[in-house]
Number of protein chains: 2
Amino acid sequence: MTQKGITLKDVAAAANVSRATAARALNSYGYVGDGTALRVLEAAERLGYRANLVAQALRSGQLPIVGFIPGDIQNPFFARIAHDIEAELRRHRHNLLIASSEENVEQEKELLESLRSLSIRGFILAPTSATDSQHIVQLAREGTPVVLIDRVVKEVHCDSVIVDNEGGAREAVDYLVANGHERIGLLRDESRIFTAQERFAGYQNSLVSHGIALDPWLVSVSRSTVEHAIEATIRLFSRRDRPTALFTVDSLMTQGALLGLRSMGLSIPHDVSLVGFDDFNLATFTDPQITVVAQPTSEIGPVAAKMLLDRLAGKKLAPRHTRFPTRLIVRGSVSQLHGR
Amino acid sequence: MTQKGITLKDVAAAANVSRATAARALNSYGYVGDGTALRVLEAAERLGYRANLVAQALRSGQLPIVGFIPGDIQNPFFARIAHDIEAELRRHRHNLLIASSEENVEQEKELLESLRSLSIRGFILAPTSATDSQHIVQLAREGTPVVLIDRVVKEVHCDSVIVDNEGGAREAVDYLVANGHERIGLLRDESRIFTAQERFAGYQNSLVSHGIALDPWLVSVSRSTVEHAIEATIRLFSRRDRPTALFTVDSLMTQGALLGLRSMGLSIPHDVSLVGFDDFNLATFTDPQITVVAQPTSEIGPVAAKMLLDRLAGKKLAPRHTRFPTRLIVRGSVSQLHGR
DNA sequence: TTGAAAGCGCTAACAT
DNA sequence: ATGTTAGCGCTTTCAA
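Residues numbered from 1 in each chain as written. Chains lettered and ligands numbered in written order. Predicted model: local features only at pLDDT ≥ 70, side-chain atom pairs only at ≥ 80, totals over all residues. Heavy atoms only, no water.

In the annotation of an unreviewed UniProt entry, the entry for chain A reads LacI family DNA-binding transcriptional regulator, and the organism field reads Mesorhizobium salmacidum.

A. Highlighting the sheet that holds strand β7 (residues 219-221) of chain A. Residue and element names in this part refer to chain A. Pairing is mixed across the open sheet formed by six strands, whose spatial order is β7-β6-β8-β9-β10-β12. The open sheet has two edge strands with one neighbour each: β7 and β12 (327-329). If you compare each strand with its neighbour and ignore which way they point, the axes differ by 15 degrees on average. Alignment of strand β8 (residues 245-248) against strand β9 (residues 273-277), held across four bridges, turns out to be parallel. Directly across from Phe 247, in β9, lies its bridge partner Val 275. Contacts from helix α11 (residues 251-263) reach β6 (184-188), β8 and β9 within the one sheet, and its direction differs from that of β9 by about 160 degrees. (Pairing = 2+ DSSP bridges. Helix = DSSP H or I, 4+ residues; strand = E, 2+ residues; numbered from the N terminus. Axes fitted to C-alpha atoms, helices over the stretch in contact; angles between N-to-C directions. Contact = heavy atoms within 4.5 Å.)

B. Examining the interface of chain B and chain A more closely. Listed per partner, the contact involves 53 residues of chain B and 52 residues of chain A. Note on chain B versus chain A: buried area summed over both sides is about 4800 Å², and carbon and sulfur give 55% of it. Together, B:Arg50, B:Val54 and B:Phe285 form the three largest contributors to the area buried by chain B at its contact with chain A, with a combined 14%. Inspection of the chain B/chain A interface yields two salt bridges. B:Arg50 is paired through a salt bridge with A:Glu113; the nearest N and O atoms lie 2.8 Å apart. (Buried area = accessible area lost by both parts, 1.4 Å probe. Salt bridge = Lys/Arg side-chain N within 4 Å of Asp/Glu carboxyl O.)

C. A look at the side chain of B:Ser160. All names here are of chain B. Tracing the backbone through its elements, the reader meets Ser 160 in strand β5 (residues 159-163). In terms of polar contacts, Ser 160 uses its side chain to reach the side chain of His 321, at 2.7 Å. Non-local contacts of Ser 160, meaning those with residues more than four positions away in its chain, are made with Leu 148, Val 152, Met 307, Arg 320, His 321 and Thr 322. (Polar contact = N/O pair within 3.5 Å; in protein donor to acceptor, adjacent residues only side chain to side chain.)

D. Inspection of helix α9 (residues 194-209) of chain B at higher detail. Residue and element names in this part refer to chain B. Compared with an ideal rise of 1.5 Å per residue, which puts 16 residues at 22 Å, α9 spans 23 Å between its outermost C-alpha atoms and is within 8% of the ideal. For α9, the full list of buried residues reads Phe 194, Thr 195, Ala 196, Glu 198, Arg 199, Phe 200, Gly 202, Tyr 203, Ser 206 and Leu 207. The secondary structure elements touched by the buried residues of α9 are β5, α8 (165-178), β6 (184-188), β7 (219-221), β9 (273-277) and β11 (321-324). Trailing α9 by a residue or two, Gly 211 shows a phi angle of about 70 degrees, which is positive. (Expected span 1.5 Å × (residues − 1). Buried < 20%, exposed > 50% of the residue type's maximum accessible area, 1.4 Å probe, protein only.)

E. View of the relation of the copies chain B and chain A. Expressed as a screw transformation, the operator carrying chain B onto chain A has a rotation angle of 180 degrees and an axial translation of 0.1 Å, and the superposed copies differ by an RMSD of 0.1 Å. On this basis, the relationship between the two copies can be described by a two-fold rotation axis. Ranked by how close their C-alpha atoms come to the rotation axis, the residues of chain B are headed by B:Leu97, at 2.1 Å. When the interface residues of chain B are mapped onto chain A, 98% of them again lie at the interface, so the same face is used by both copies. (Least-squares fit on C-alpha atoms with pLDDT ≥ 70 in both.)

F. Layout of helix α12 (residues 297-312) of chain B. Here α12(B) is 16 residues long and its end C-alpha atoms lie 24 Å apart, about the 22 Å a rise of 1.5 Å per residue gives. One or two steps after α12(B), the chain reaches B:Gly314, where phi turns positive at roughly 90 degrees.

G. Molecular detail of the environment of A:Leu187. All names here are of chain A. Here Leu 187 shows up in strand β6. On a C-alpha basis, the gap between Leu 187 and Ser 222 in space is 7.3 Å, while along the polypeptide they are 35 residues apart. Once residues within four sequence positions are removed from consideration, Leu 187 is found in contact with Ser 220, Ala 229, Ala 232, Thr 233, Leu 246, Phe 247, Thr 248, Val 249, Met 253 and Ala 257.

H. The arrangement of the sheet that holds strand β12 (residues 327-329) of chain B in detail. All names here are of chain B. Reading across the sheet, the six strands line up as β7-β6-β8-β9-β10-β12 and stay open at both edges, with mixed pairing between neighbours. Each having just a single partner strand, β7 and β12 make up the two edges of the open sheet. Neighbouring strand axes in the sheet, compared pairwise and without regard to direction, differ in orientation by 15 degrees on average.

I. Here's a closer look at the UniProt feature "domain: HTH lacI-type" (unreviewed entry) in chain A. UniProt marks residues 6-60 of chain A with the feature "domain: HTH lacI-type" (unreviewed entry), using the numbering shown here. Secondary structure across residues 6-60 of chain A comprises 71% helix and 0% strand; the distance between its end C-alpha atoms is 21 Å. (UniProt positions renumbered as here; feature names shortened; annotations may be inferred.)

J. How the structure looks around the protein's contact with DNA strand C. Inspection of the region around DNA strand C gives 25 residues, with A:Leu8, A:Arg19, A:Tyr49, B:Gly33 and B:Thr36 positioned closest. Backbone atoms, meaning sugar plus phosphate, form 59% of the atoms of DNA strand C positioned within 4 Å of the protein. A:Leu8 places a main-chain nitrogen or oxygen 2.4 Å from a phosphate oxygen of DNA strand C. In this structure, a phosphate oxygen belonging to DNA strand C sits 2.4 Å away from a side-chain N or O atom of B:Thr36. (Near = heavy atom within 4 Å.)

What follows is the structure in structure tokens.
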């Protein structure tokens, strides 16, 4: 046993002062005589005193912890953001509690519900559903600071950090069209997810602006996992009159598409051209390398963390919304379609 | 404002009982009249009562939170483990606080130090250093349950979950030798890291058992990031009389090697054969696919979480150590060396 | 079967 | 400049 259970009382006793004075010295507020302060500090040091944050939290009603609820911590996109948030919070002596919703609204609700009992100071959240959002509205209304990332929910008025999904998707499809493609497949995730909606809109808008009719058969919906995306890809390309190009709405689905196409013996870009939303490590390792719409992943975490920290510091501002632009990175997965 | 700040007192008042009785009814212990219990439960329900975990923690000295300190949450290996631990903890109504050490011992110490004030119930930790470990010893000695994963520290007596690093590395190098390679490069990370030591031992042992002398020039040390590994690879292969094969000790370094070799115009497996420790998504997307030593990543998290949960439940057992076997997955990145 | 009261460790209003 | 005291929300003796 070592310096476990050294409390303020012990320090106060050792320094021959009251607990109040000891607290003042330790947290440097109010009046404390110089000599006294020194004695207290010295005693605390000697005893190995460490303030009990739980006790502080009971009084203040706030634990120095922020909750992060991503769709899936295994998605490198979220892992990167988690890392950045954590680093930023650490600078402000806060900790990060991570709980994945696993893209399941019910789980998201339960998580939020259970975390509220913990007096968590605020949340950074990637809501699973763009519509089922009463639980978030509720949370925000109670005064708990919330920052939405990657996705946004209409009814909720709080800070948010997202990217230009519509523009990014549109640019991707524009690029495909510019290369002569007209039968452009879309591999998208469930429409309850905000980004799915916006990216789908970009796909549509691009087609419309080029006078290309939207063919529902070219759109395949799947869950956002490599496995599901493989199946969806195979479904899409098993039809005769298959697409000449494919746009995938996130990196996991892009990977699934890669695998699905390979399993069908379809080569990129010879048989099929491919553009994916969200850049990922793997994209530069394949041959050819994959053309993608890149998001400024490294900026999202820090910005979101700072927004939340501002709220925790008590700043009363109107909700702020950051929307980052995306960037098309042309690599080698799109070919000029001949016979045009 | 909604059901914020409903306390036990409110529930007790609403049910016309004392706080003590309300607590008994809510937590079902001690004697409570059936009718009374019902009234209390009903009142709690109606008021939307939620127990204040911080207050409970102040009494019990324990917050239902477990700390996870990986080297880097962005490493898919740790992200997967984090996910699995979290899922397991959730079943036992515990939460997971994640803080990366970023492979920095000092940061690891600070993290632990600051988290102790939080009355965290236990830790799952991948220690950055195999030697600098007093802080962990200390922690364990104070009675805080600790489970070590991926890496282990001699002086610390606690549960651990690791894999057969030596055996896995040996098998990889054996395989290279069996394919006629003798000049086998090693890309390893810093020797303070436990896994680095064991994997290096496996490399050595294999060479020795085949009567091949260890050539220090063939060993390149680098930090475990893609960028550093690229440089180290280039360094290794810039020498004349370069290796015919390369063994990399983790997936980030394998990626770095891939990139480094490509930048030098060296093709796999024609110019260089490659085997990496730790399987990763990308390994099957490259052409050729990469031969790797796979770890049972999906088993580590659940086992570690269960060990910790046992401790939290108060089980007094001798420290348990699980060491999982590894498995060589032969794909296409190794070629039979001619002229042998 | 229930209630009163103490106390977990800390802070802050109030008094001195 | 310092001490006294009350109380954050909860659990748990102890007494009734």
